[in-house]
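Geometric and topological summary
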Amino acid sequence: MTLLRVEGLSAVHGLLPAVRGVSFEITEGETLALVGANGAGKTTLLRVIAGVHPVAGGRIEFDGTEITALPAHRRVADGIALVPEGRRLFPGMTVEENLRVGATSGRPGAWSLDRMREAFPQLARIWQSKASHLSGGEQQATAIGRALMANPRLLLLDEVSLGLSPKAVDGVYDSLQHLKAARTTTILVEQDLNRSLAFADRIICLLEGRIVAQGIAADMSRDQVMDHYFGAHRRAAHGVPA
Amino acid sequence: MLNEVDFALNEGEALGIVGPNGAGKTSLLNVMAGAYRPSAGAIGFRDSDVTALSAAQRCRLGIGRTHQIPRPFSRMTVFENLMTAATHGGGCSGREASDRCIDSLRLCAMMKVANRRAETLGLLDRKRLELARALATGPVVLLLDEIGAGLTDGEAAELVETIREIRRRGVAIVWIEHIVHVLLQAIDRLVCMDAGQIIANGDPQAVLADAHVVDAYLGGGAHDLAPR
Amino acid sequence: MTSWVNLILQGALLGGYYALLASGLSFLFGVMRIINLAHGSLAVIAAYALWFIAERWGIGPFLGILAVLPVMGGLGWLLHRTVFERSLQGGELVPILSTFGLATVVDNVMFQNFGADTRSLAPYIDTFAYESWNLPGDIYIGQLAVLVFALAVLVLGGLHLLLLRTSLGRQIRAAAEDPDAARLVGINAHRIHGIATAIAVMTVALAGMSLGMRATFDPYSGSQQLVFAFEAVVIGGAGSLWGTLVGGMILGIAQSIGAQLNPQGFLIAGHLVFLVVLLARLYAIDKLGTLMRQLRRQPG
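Residues numbered from 1 in each chain as written. Chains lettered and ligands numbered in written order. Predicted model: local features only at pLDDT ≥ 70, side-chain atom pairs only at ≥ 80, totals over all residues.

Notes on the sheet that holds strand E7 (residues 189-194) of chain B
Residue and element names in this part refer to chain B. This is how it is decided: By definition, two strands form a pair when at least two bridges between them are found by DSSP. For helices the rule is a DSSP run of H or I covering at least 4 residues; for strands it is a run of E covering at least 2, with both sets numbered from the N terminus onward. Helix axes are fitted only over the stretch in contact, all axes being lines through C-alpha atoms; the angle between N-to-C directions runs from 0 to 180 degrees. Here contacts are defined at the residue level, using C-beta atoms placed from the backbone and a cut-off of 7 Å between them.
If you walk across this open sheet you meet the six strands as E4-E5-E6-E1-E7-E8, and the pairing is mixed. Because the sheet does not close on itself, it has two edges, and the strands there are strand E4 (63-65) and strand E8 (197-202). For this sheet the average axis-to-axis angle between neighbouring strands, irrespective of direction, equals 20°. Running at roughly 125° to E8, helix H9 (residues 211-218) makes contact with strand E1 (14-18), E7 and E8 of the sheet.

What about the interface of chain A and chain B?
As a measure of interface size, the accessible area lost when the parts come together is often cited. The criterion, for reference: Amino acid classes used here: Ala, Val, Leu, Ile, Met, Phe, Trp, Tyr, Cys and Pro are nonpolar; Asp, Glu, Lys and Arg are charged; the rest, including Gly, are polar.
Between chain A and chain B, the residue contacts involve 24 residues of the former and 25 residues of the latter. Here the side of chain A that touches chain B takes four residues from helix H7 (residues 166-181) of chain A, the largest share from any one element. Its residues placed into classes, the side of chain A that touches chain B shows eleven nonpolar, ten polar and three charged.

A look at the pairing of E8 of chain B
Of the strand pairs in this sheet, E7 of chain B and E8 of chain B are connected by five bridges, and their pairing is antiparallel. When the sheet's bridge partners are listed, Cys192 of chain B is paired in E8 of chain B with Ala200 of chain B.

Structural notes on the packing of helix H3 (residues 61-89) of chain C against helix H4 (residues 94-114) of chain C
Residues and elements named next belong to chain C. Basically, it comes down to this: Here the word oblique covers every angle except those under 35 degrees (roughly parallel), over 145 (roughly antiparallel) and from 65 to 115 (roughly perpendicular). Note on convention: near helix rotated counterclockwise from far helix by under a right angle means a left-handed crossing. Clockwise means right-handed.
Where H3 contacts H4, the two axes come as close as 8 Å, and the packing angle between them is 150°. Judged by the angle between their axes, H3 and H4 are roughly antiparallel. Judged by the twist between their axes, the crossing of H3 over H4 is right-handed. Counted together, Val83, Phe84, Ser87 and Leu88 of H3 and Val94, Pro95, Ser98 and Leu102 of H4 form the full contact between these two elements. Its residues placed into classes, the contact of H3 with H4 shows six nonpolar, two polar and no charged.

Re unusual backbone geometry
In plain terms, the rule: As a rule, residues whose C-beta atom has 12 or fewer other C-beta atoms within 10 Å are exposed, those with 20 or more are buried, and those in between are partly exposed; C-beta atoms are placed from the backbone.
The residue Arg46 of chain B is not glycine, and still its phi comes out positive at about 55°. Mapped onto the elements, Arg46 of chain B comes out in the loop between strand E2 (44-45) and strand E3 (48-49). In this structure, Arg33 of chain C is a non-glycine residue whose phi angle is positive, near 55°. Looking at the secondary structure, you find Arg33 of chain C in the loop between helix H1 (2-32) and helix H2 (39-57). Residue class for Arg33 of chain C comes out exposed when judged on the 12 C-beta atoms lying within 10 Å of it.

What to know about the environment of Ser167 of chain C
Relative to the helices and strands, Ser167 of chain C is located in helix H6 (residues 167-177). Considering only alpha carbons, one finds Ser167 of chain C and Trp57 of chain C, 110 residues apart in sequence, at a separation of 39 Å.

Concerning the interface of chain C and chain A
Facing the 14 residues of chain C at the interface are 21 residues of chain A. Those elements that place two or more of their residues in the side of chain C that touches chain A are H6 and helix H7 (179-184) of chain C.

Here's the deal with the nonpolar core
Put simply, the rule reads: A set of buried residues qualifies as a nonpolar core if it consists of Ala, Val, Leu, Ile, Met, Phe, Trp, Tyr and Cys joined through C-beta atoms within 7 Å.
Counting residues in hydrophobic clusters, the biggest one holds 161 residues, and the most contacted among them are Leu156 of chain A together with Tyr18, Leu20, Ala46, Ala47, Leu50 and Ala229 of chain C. The dominant element in this core, judged by the number of residues it contributes, is helix H8 (residues 189-214) of chain C, at 15 residues. Once residues lying within four places of it in the same chain are set aside, the contact partners of Leu156 of chain A are Leu46, Ile49, Ala50, Ile80, Ala81, Leu82, Val83 and Ile187 of chain A. One finds Ala14, Leu28, Ala86 and Ile198 of chain B within the second-largest nonpolar core, a separate group that totals 65 residues.

What about the sheet that holds strand E9 (residues 202-207) of chain A?
All names here are of chain A. If you walk across this open sheet you meet the six strands as E6-E7-E8-E3-E9-E10, and the pairing is mixed. The two strands at the open ends of the sheet, each matched to only one other strand, are strand E6 (80-83) and strand E10 (210-216). Ignoring which end each strand starts from, the neighbouring axes of this sheet average 15° apart. In terms of strand pairing, strand E3 (residues 31-35) meets strand E8 (residues 185-189) through four bridges, oriented parallel. Opposite Leu32, over in E8, you have Ile187 as the bridge partner. On the sheet, helix H1 (residues 42-50) packs against E3, E6, strand E7 (154-158), E8 and E9 and is oriented at approximately 150° with respect to E7. Lying on the sheet, helix H6 (residues 136-148) is in contact with E6 and E7; it crosses E6 at an angle near 170°.

Written as structure tokens, this is what we have:
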């Protein structure tokens, strides 16, 4: 059953259009990856769905109800949680406090502080450490944990591998694999195309704010997707810097 | 943060630095650039000891750097950012300065946005601006901090081309990076750091095969390190 | 000798009042990066409200405060909705300008309504205003002064516990550190900022009560009180709640010593200490840091 439906969504970033008439759906339990070059509108799109970026046009429907005008904190209460680009932990607060704050919306569900310690043993070790003292991998685990504490029905992940060593990225995706197995509906933006293709069920390619291709991950090849990064016309001019 | 780190960079060499978060990579860069003072030890540039020199003085000597999170002069245009770098860090003026800026703009594919205010740029252009601005100071050594982060494979390929062109001009490079397959295309030597120390130093493929490096940094999974 | 002990003790107790006065300013700055220049005037509003209640209905300030506190809290909420929230969108300097304007408006409205006469709450608390305990060694400590000091400790301690131990406190801290990320975890940043402002203004009401009881006030007393609060916060370190207590005490002690040395010395001594600490924070701390590093490099 369709969990999220986005119709004709538009948004601007400063003076420039960032998202232009984007429409797509995601069914419950699905993992969708958004791919595209920098500036394609991926982060803006996630932030619009989360409610922290204003909508210029179009509508968003979550679980059958329109949420286009709903403020961000109400969307969290409804079950949408975003892990923002760059983690954005609260630096003066400890891991435990960051996780507690994640439960502000009071949504019931499987995730609790105890369950968090079990599922993320690396967090249990740094429970009382201040977020500003954590390594990149630890911050990422905490940020994902903080979003999970809201017991979301839809999890949005923005560039979780950014700035992490390959080993740390492996760790993050191992945790995400568990979530996937538990059928958590997820939309992720991931710089590493190979990981996106391996992890997601479906891929949507964005170029300059528009959807230029979408399909089942297993059916799409790297080259096909790479073509859409730049658009076919730029392939003809291959070799000339932007 | 750093624990008895020793290494040397030769003229025109390109050195990559990898390591887990918190290993001290950026701290090392900051110490070389003059942003941090070391509590012990010395930094030599060509034949002189530059440990006591400020970051600005080192820049004028020829040590240029970029920042992990781009720090442009927001209210100034791209061109003005570069001119500031060329006239102060690079020590040139007038015609020579603007020629150097135009050259930087071409090299980093920023001609189209030269008159845009830095604060209106997207992430990719900000990163290009960091690089262009460092180049405008006329460096002999260029210190790069995770300049490949967040780039798609196509954008990363362009970056590698630009770095190769910079090397052809005789500039030495020190490059901290997590996107290993990109790094490998541009460097001669690789260093891996962990917990404030250098744990491996030498031929890139050998370093990446080193057991300590695999354990601390790469992790056990298969990693596609071939150029894409 | 005993007179010096007495002096320092009085100064420290006076510092309790300054700390109570400054707690709201410190809290608001720590939570929302707002420097509220109407702070002193708000304290005077509370003092006038208590005076009015006592004058009109004969209800003493200790009872009157039970009515004034929630009203001031509501005023704080309103202030946030109408002034602070919009001001913050304009940048960090706009709240200073708008609260400055607000202070002027408030002062003059009070002047229009209450006239220029100085008032006091002392007549309504009988002898409590000047009763003191006699300690060995010829030391007298005023009971009111001790009460105000205790109130300051309670308020600062309460704020501290609120921020560290309660869910509301965590939400306030999160919204202070990163309002955007706070919204992403489900915090209604708008409501939280309103609550924080209401709390801050309620502490100001307590300070107004203390001001009225231990001294006199008039419509324009606000600016003087603002200066004291500001100095206490800076001396103790902006952003530290317990630092505000220390800052208040240092200010009070400096003023008392100054008054002893010279009849005009009260205010001047306080301002001097404030300036010295301010300059020290700006310059010496930096130099000290470099000096420490240089000393460490020698043996290395």
